[in-house]
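Here's the letter readout for the chains.
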Amino acid sequence: MKALLTLGLLLLSVTAQAKVYERCEFARTLKRNGMAGYRGVSLANWVCLAQHESNYNTQATNYNPGSRSTDYGIFQINSRYWCNDGKTPRAVNGCRIPCSALLKDDITTAIQCAKRVVRDPQGIRAWVAWRKHCQKRNLSQYIRNCGV
Ligand SMILES: *[C@@H]1O[C@H](CO)[C@@H](O)[C@H](O)[C@H]1NC(C)=O
C-alpha cells in the first residue's frame, strides 16, 4: 500500500512537470499574453508553429548535433541564441533566461522569449516548422472553435 502511494505520488510529480496544452487552451493563453497580431503574426500562425514544433508539449527538447545546441519547450527555442543551458558552444542567451525556464507548465516566460525571437529581422521565419508547415497555408483550422 505504501509502495503504491509512493508510486502514485511519483507519477503525479512526473506528469505535473509535463504539461501538454490543448489546442484552444494554448490559443487562449497566447491571446491573454498579447500574441494576437504581435509583430504581424496572427494567433493561427503561432498555434500552427507550436503544433508542428512541439505538439504543444512544454517539456519538448531536441538536440541539434550540428550546432551542439538544443531546442526547448512549446516553441522549441534554441540555446545557441536565446537561452542558457550551460552546454552550448558560443551561446548568446538573447532572452536572458535559463533554458529550463522554457519548459515550465506556465508558458509566460516562453511567450516572452518567443516575442523576443520574432522581433529579430527574420521574424517568424526563424522557425523551420513554420516555414515548412504554416507559411502560405490556410491556417483557420488551428483556431477553429476556440473563441479567439
Ligand atoms: C480556409 O479554410 C476554411 C475552412 O476549411 C474555409 O472556410 C475558408 O474559406 C478558407 N479561407 C481561404 C482564404 O481560403
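Not measured: the values here are computed from a predicted model.

A. Main features of the overall build of the chain. When its secondary structure is counted, the chain shows five helices and three strands. For the chain, the residues scored as buried account for 42% of the 148 residues in total. Summarising the internal contacts of the chain: among those between residues at least 6 apart in sequence, 52% fall at separations of at least 24. Accessible surface computed for the chain: about 8,500 Å², of which carbon and sulfur atoms make up 51%.

B. Looking closely at the side chain of Thr29. Considering the arrangement of structural elements, one finds Thr29 in helix α2 (residues 23-32). Of the residues examined, Thr29 reaches a relative accessible area of 7% and is grouped as buried. Here the side chain of Thr29 touches Glu25 through a polar contact of 2.7 Å, landing on its backbone oxygen. When sequence neighbours within four positions are dropped, the list of residues in contact with Thr29 reads Tyr21, Ile107 and Ile111.

C. View of the confidence of the model for the chain. Taken as a whole, the chain shows an average pLDDT of 93; of its residues, 89% reach a score of 70 or greater. Confidence drops under pLDDT 50 across residues 6-11; counting only partners more than four residues distant or on other chains, this segment forms zero contacts.

D. Spatial organisation of the packing of aromatic side chains. Counted according to the given criterion, the structure contains five aromatic pairs. Residues Trp46 and Phe75 carry aromatic rings whose centres are separated by 6.1 Å and whose planes lie at 80° to one another, so their mutual orientation is edge-to-face. Of this pair, Trp46 sits in helix α3 (residues 43-54) while Phe75 sits in the loop between β2 (69-72) and β3 (77-78), placing them 29 residues apart in sequence. Note on Trp46 and Trp127: the rings are 5.7 Å apart at their centroids and 80° apart in plane angle, and the pair reads as edge-to-face. Placement of Trp46 in helix α3 and of Trp127 in the loop between α4 (108-119) and α5 (128-133) is noted, with a sequence separation of 81 residues between them. Between the NZ or CZ atom of Lys19 and the centre of the ring of Tyr21, over which it lies, the distance is 4.5 Å. One Lys or Arg, Arg80, reaches over the ring of Tyr81 and ends 5.0 Å from the middle of that ring.

E. Representation of α4 within the structure. Taking 1.5 Å of rise per residue, 12 residues should cover 16 Å, and α4 covers 17 Å from first to last C-alpha, within 8% of that figure. Listed in full, the buried residues belonging to α4 are Ala110, Ile111, Cys113, Ala114, Lys115, Val117 and Val118. Buried-residue contacts for α4 involve α2, α3 and β3.

F. A look at the state of the cysteines. Enumeration over the complete set of coordinates arrives at four disulfides. The disulfide that involves Cys24 links it to Cys146, with 2.0 Å between the sulfurs. Because the sign of the S-S torsion sets the handedness, a value of about -75° for the bond joining Cys24 and Cys146 places this disulfide among the left-handed ones. Of this pair, Cys24 sits in helix α2 while Cys146 is found in the segment after α5, placing the two residues 122 residues apart along the sequence. The disulfide partner of Cys83 is Cys99, and the S-S distance across this bridge is 2.1 Å. Handedness here is read from the sign of the S-S torsion; for Cys83 and Cys99, about 95°, the answer is right-handed.

G. Inspection of the nonpolar core at higher detail. Counting 42 residues, the largest nonpolar core has Phe26, Leu30, Met35, Trp46, Phe75 and Trp127 as the members making the most contacts within it. Elements supplying a minimum of two residues to this core: α2, α3 and α4. The dominant element in this core, judged by the number of residues it contributes, is α3, at seven residues. If we ignore the near neighbours within four places in the chain, the residues touching Trp46 are Phe26, Leu30, Met35, Val41, Phe75, Ala114, Val118, Ile124 and Trp127.

About the cut-offs
Residues numbered from 1 in each chain as written. Predicted model: local features only at pLDDT ≥ 70, side-chain atom pairs only at ≥ 80, totals over all residues. Heavy atoms only, no water. Helix = DSSP H or I, 4+ residues; strand = E, 2+ residues; numbered from the N terminus. Buried < 20%, exposed > 50% of the residue type's maximum accessible area, 1.4 Å probe, protein only. Contact = heavy atoms within 4.5 Å. Areas by Shrake-Rupley, 256 points an atom, 1.4 Å probe, with all protein chains shown as cover. Polar contact = N/O pair within 3.5 Å; in protein donor to acceptor, adjacent residues only side chain to side chain. pLDDT = per-residue confidence, 0-100. Phe/Tyr/Trp six-rings, centres within 6.5 Å; stacked < 30°, edge-to-face > 60°. Lys NZ or Arg CZ within 6 Å of the ring centre and 35° of its normal. Expected span 1.5 Å × (residues − 1). Disulfide = S-S within 2.5 Å. Core = buried A, V, L, I, M, F, W, Y, C linked by side-chain atoms within 4.5 Å.

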